[in-house]
Amino acid sequence: MRQSNFLRRLSILLLTGSLSVATVAAIAAPPANDFHQWAATPPMGWNSWDAFGTTVTETQIKQQADFMAAKLKAHGWQYITVDIQWYQPTSKGHSYEEGAILTMDGFSRLVPAPEKFPSAAGDQGFKPLADYVHGKGLKFGIHMMRGIPRQAVKRNTPILGTDLRAADIADINSICTWNPDMYGVDMSKPCAQAYYDSLMQQLADWGVDFVKVDDLSRPYDQNRAEIEAIRKAIDKTGRPIVFSTSPGETALSAGAHVNQHANMWRISDDFWDRWDLLLAQFKRLHDWTPYRIAGAWPDADMLPLGIVAFDRPTKFTRDEQITLMTLWSIARSPLIHGGDMTRTDPFTLSLLNNDEVLAVNQHSAHNRQLFRTDDGLIAWVADAADGRSKYLAVFDTRDAAAAAAGTRPIPVELATLGLQGQVQVRDLWSHAQLKPVSGTFKPQVAAHGARLFRLTPSTGSSTSKP
């Protein structure tokens, strides 16, 4: 796989006690010749939903790609994803229009609406836009809905490469509860797999690198056959297309199935900038720990940072934004930014380009919750790639009203991390080397706040299994 600019930048972090490119290999990699290789570390990118809803245009996508290439690519960000209803020429906001006329080809497949994506005209599809994104050194993704368009079933249009038509494979009793565009596909019908094969081959022909397929996880079990069909269809193309399932709270009982079929899967409904939603992700990410493997990542959803919902700043406080980035990083959730990047302020940029924090997300192992107390103190820990250091994230999730009392210490016994003797402490958010500690580490944390550290045994000290 091509080494990213992000990995090359990591070598400079040796002087700050962070990992080097040489030590990255210490983290277990997925098996060779396996789709997990395509997302060997959590994907990092941008998605159009939070900022633009169903209305995103080709011009806006190019502007986002330009910004990512200039400001974030060097830090590991690479995916630019067009979210839902790129095929609906009159869509508005974050809602859906019943009975809208969708843009569709002659083989029951949705294609980009030229009203939004002019370069798609003349049966070009997303190929010209994907070429633009690739020309920036980035990767291109799109959103799709599970199933076959209801419009195709009504018109009974053909299925590519078969003698069958849309109505022959549709399950009209399988519908999305929140979007009116699709019926499910009855995978027991002849040529149902051929339909999904044609969809994924179309994506491969366009140059798509990432596909987010919606309406697969609520509930998961009834959609297993379509999930398996998508996996087979992607593999058949021979193109490394990262597969993300969405949305909804995927049942933990599906863990052993989903991590063998998808590269990432949503663990909650849509995540927005509300503290209660952020607080709920702590437990979900903890619960999913047994199913997090290299190349298959529990996805806590997008990062609603900066300017979202067309024209408003995130409702998260600065402390809450640091908590968000810290939790997603220590739990190795994919990092998919949702704000309008062209309007990024300096603070938001500092959250997205902190290489020491991003290294935790990209190159740590054995990530797990260390403790959670009844009064809202939470700690997570992970192994750094050098085999000696530990990453420690501490959170104070008490009610914001408690902030008037100021910060409070979160005691962590270093022995529970396997650290003995004196330990060097690096604050990854402030880029500061703190005083060495031993025994009990007691960082001060604000309500709704978080801190993230790299702990390294001093010369002569040791690391053991906790």
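Residues numbered from 1 in each chain as written. Predicted model: local features only at pLDDT ≥ 70, side-chain atom pairs only at ≥ 80, totals over all residues. Heavy atoms only, no water.

## Some thoughts on the pairing of strand β1 (residues 44–47)
Working note: regular strand, side chains alternate between the two faces of the sheet.
Next, step 1: The side-chain alternation of β1 yields two buried faces, one formed by Met 44 and Trp 46 and the other by Gly 45 and Asn 47.
Next, step 2: Here 3 bridges tie β1 to strand β13 (residues 335–337), and the two strands are oriented parallel to one another. Bridging from a neighbouring strand, Gly 45 pairs with Ile 336 of β13.
Next, step 3: Where β1 lies against strand β2 (residues 79–82), 3 bridges are found, and the strand directions are parallel. Bridge pairing in β2 places Asn 47 opposite Thr 81. (Buried < 20%, exposed > 50% of the residue type's maximum accessible area, 1.4 Å probe, protein only. Helix = DSSP H or I, 4+ residues; strand = E, 2+ residues; numbered from the N terminus. Pairing = 2+ DSSP bridges.)

## Some remarks on the packing of helix α11 (residues 275–287) against helix α12 (residues 318–330)
The description of two packed helices rests on the angle between their axes and on the distance between the axes.
Next, step 1: Contact pair α11 / α12: the axes reach a minimum separation of 11 Å and the direction vectors enclose 20 degrees. Taken together, the axes of α11 and α12 lie roughly parallel to each other. In the packing of α11 onto α12, the handedness of the crossing is left-handed. Where α11 abuts α12, its residues Trp 275, Leu 278, Gln 281, Phe 282 and Leu 285 lie against Glu 320, Thr 323, Leu 324, Leu 327 and Trp 328. (Axes fitted to C-alpha atoms, helices over the stretch in contact; angles between N-to-C directions. Parallel < 35°, antiparallel > 145°, perpendicular 65-115°, else oblique. Left-handed = near helix turned anticlockwise from the far one by under 90°. Contact = heavy atoms within 4.5 Å.)

## Some words on the confidence of the model for the chain
Next, step 1: Confidence along the chain averages 92 in pLDDT terms, with 91% of residues attaining 70 or more.
Next, step 2: In the predicted structure, residues 1–26 sits below a pLDDT of 50 and forms 54 contacts with residues beyond four places in sequence or in another chain. (pLDDT = per-residue confidence, 0-100.)

## Quick notes on the environment of Leu 303
Next, step 1: By secondary structure assignment, the location of Leu 303 is in the loop between β10 (297–299) and β11 (307–308).
Next, step 2: Judged by relative accessible area, Leu 303 falls into the buried class, the value being 0%.
Next, step 3: Apart from residues no more than four positions distant in its own chain, Leu 303 is found in contact with Asp 50, Trp 77, Leu 324, Met 325, Trp 328, Leu 335, Ile 336, His 337, Gly 338 and Gly 339.

## A look at the packing of aromatic side chains
What characterises a pair of aromatic rings is the spacing of the ring centres plus the angle enclosed by the ring planes.
Next, step 1: One pass over the structure, following the stated rule, counts 16 aromatic pairs.
Next, step 2: Between the aromatic rings of Tyr 79 and Phe 210, the centroid separation amounts to 5.3 Å while the plane-to-plane angle is 50 degrees, which identifies the pairing as tilted. In this pair, Tyr 79 is assigned in strand β2 and Phe 210 in strand β7 (residues 210–214), connecting sequence segments 131 residues apart. The exposure classification of Tyr 79 matches that of Phe 210, with both residues buried.
Next, step 3: An aromatic cluster is defined as three or more aromatic residues linked by ring pairs; in this entry it consists of Trp 86, Tyr 87, Phe 117, Phe 126, Phe 140 and Trp 206.
Next, step 4: Its guanidinium or amino end placed over the ring of Tyr 132, Lys 62 lies 5.0 Å from that ring's centre, counting from NZ or CZ. (Phe/Tyr/Trp six-rings, centres within 6.5 Å; stacked < 30°, edge-to-face > 60°. Lys NZ or Arg CZ within 6 Å of the ring centre and 35° of its normal.)

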